[in-house]
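Coordinates in review
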Amino acid sequence: MSFTLISEHPLTALNTFGIAVNARHFTTLTERADLPALLTSEAYHQGPVLWLGGGSNLLFTRDYPGLVVKVALRGVQVLADDGDTVLVEAAAGETWHDFVCHTLAEGWAGLENLSLIPGTVGAAPIQNIGAYGVEVKDRLDSVVCADLSDGGAEVILANADCRFGYRDSVFKHEAAGRLLVTAVRFRLSRHAALKTGYGDIQRELDAQGIATPTAQDVARAVIAIRQSKLPDPAVLGNAGSFFKNPVIDAEAAAALLARFPTLPHYPAADGRVKLAAGWLIDQAGLKGYRQGAAGVHEKQALVLVNHGGASGSEIRALAQHVQDTVRARYGVELEPEPIVL
Ligand code: EPU
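Residues numbered from 1 in each chain as written. Predicted model: local features only at pLDDT ≥ 70, side-chain atom pairs only at ≥ 80, totals over all residues. Heavy atoms only, no water.

Thoughts on the site of the ligand
In the region of the ligand, 24 residues are neighbours, and Tyr132, Tyr166, Arg167, Asp282 and Gln300 sit closest. Take Glu337: an N or O atom from its side chain is 3.1 Å from an oxygen atom of the ligand. For the shell around the ligand, the secondary-structure elements that each account for two or more residues are β8 (130-131), α5 (215-229), β13 (237-241) and α7 (277-283). With three residues, the top contributor of residues to the shell around the ligand is α7. Partitioned by chemical class, the residues of the shell around the ligand number eleven nonpolar, six polar and seven charged. Counting contributing residues, the shell around the ligand receives three or more from each of domain 2 (76-189) and domain 3 (237-340). (Near = heavy atom within 4 Å. Polar contact = N/O pair within 3.5 Å; in protein donor to acceptor, adjacent residues only side chain to side chain. Helix = DSSP H or I, 4+ residues; strand = E, 2+ residues; numbered from the N terminus. Nonpolar A, V, L, I, M, F, W, Y, C, P; charged D, E, K, R; others polar. Domains from an automatic or database assignment.)

Concerning the sheet that holds strand β17 (residues 290-291)
The antiparallel open sheet is built from four strands, whose spatial order is β13-β19-β18-β17. At either margin of the open sheet sits one strand with a lone partner, and together these are β13 and β17. Looking at chain direction, β17 and strand β18 (residues 294-296) are connected through two bridges and run antiparallel. Bridge pairing in β18 links Arg290 to Gly295. Sitting on the sheet, helix α8 (residues 312-330) is in contact with β17, β18 and β19 (303-306), with an inclination near 35 degrees to β18. (Pairing = 2+ DSSP bridges. Contact = heavy atoms within 4.5 Å. Axes fitted to C-alpha atoms, helices over the stretch in contact; angles between N-to-C directions.)

Looking at the sheet that holds strand β16 (residues 273-275)
Backbone hydrogen bonds are what pair the strands of a sheet, in a parallel or an antiparallel way. Ordered by their spatial adjacency, three strands build an open sheet running β14-β16-β15, and the pairing between neighbours is antiparallel. For this open sheet the edge positions go to β14 (247-248) and β15 (265-267), each flanked by a neighbour on one side alone.

Structure (structure tokens):
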């Protein structure tokens, strides 16, 4: 066995909320070849087991009572290149934004709108990360997994098999706890059409006087927008948007829009309507609101932050208050985006 088990390991630096909890057992997975031994270890069998990426989409409310495995598999390789399109595979433990920068530096377009999203490559397909009109599913070819119920045997899921939805995939449902993402394959292009239709991007490019942007220009615009409203987890603990944008049926949306005509909304699948949760929270007067060290971010109401030393329970209590306030005012249920443990 070439992995090392540590007992009572602090997780403070391993979750972007910066919540101070311990894992009963902890190990780092750096080699896929270590997986079979890990899967037969006592700590694994005792459970529960948490596979950790960048720790940017979870909230710990207490010490983790089992085994935490930090997935640190590394490597990027080109599997195919026809001069226009490349098929590139990145290991699960690669930092998402570093990988995006690498693809752009190689001249491969496609991931520029997803610049500066915290977390790892392996976590990207799990919640189908998305920003500025692009979701990871739009650029993803397939996902390489280890089947944990079969000694870690390799299984490759094609894009369609992942059943991607808004911040959703098969990895949150049937495959949860069974398939571990070990690498992700992307199809990128040297001549991809850029997606600059999202309001903020066009405004940012106009402000910079860029009429015919490159993929790198779009990435720089996205980075500038994100830095202007989303807190840097290294400075202020957070997990990005704490709530999903709620999707409601057309009738309920029409009634709500009659009362709140300026509520930003977007068409969703099956004639349903997606509402801007940040606006609902903001207009309910909660932007910048604080309960002790837990707060609603002052520049983006959809983000909850740890002002320093907040416990996971305090963040959860604030989230509950936000949900209750929004329900009372608009009759809309907000669903947390991060996993609450
Ligand atoms: N708004 C407010 N007040 C606020 C926040 C937002 O009025 O405090 C309004 C904005 O003015 C805008 C609308 O709400 O009209 C939407 O806001 P924004 O464009 O900032 O995007 P969002 O819907 O709040 C989503 C994603 C983000 C992603 C952005 C950009 C979700 C849950 N969040 O946020 O993703 O970066 O769009 O595409 O879908 C994340 O998932 O962690 C995340 C940051």
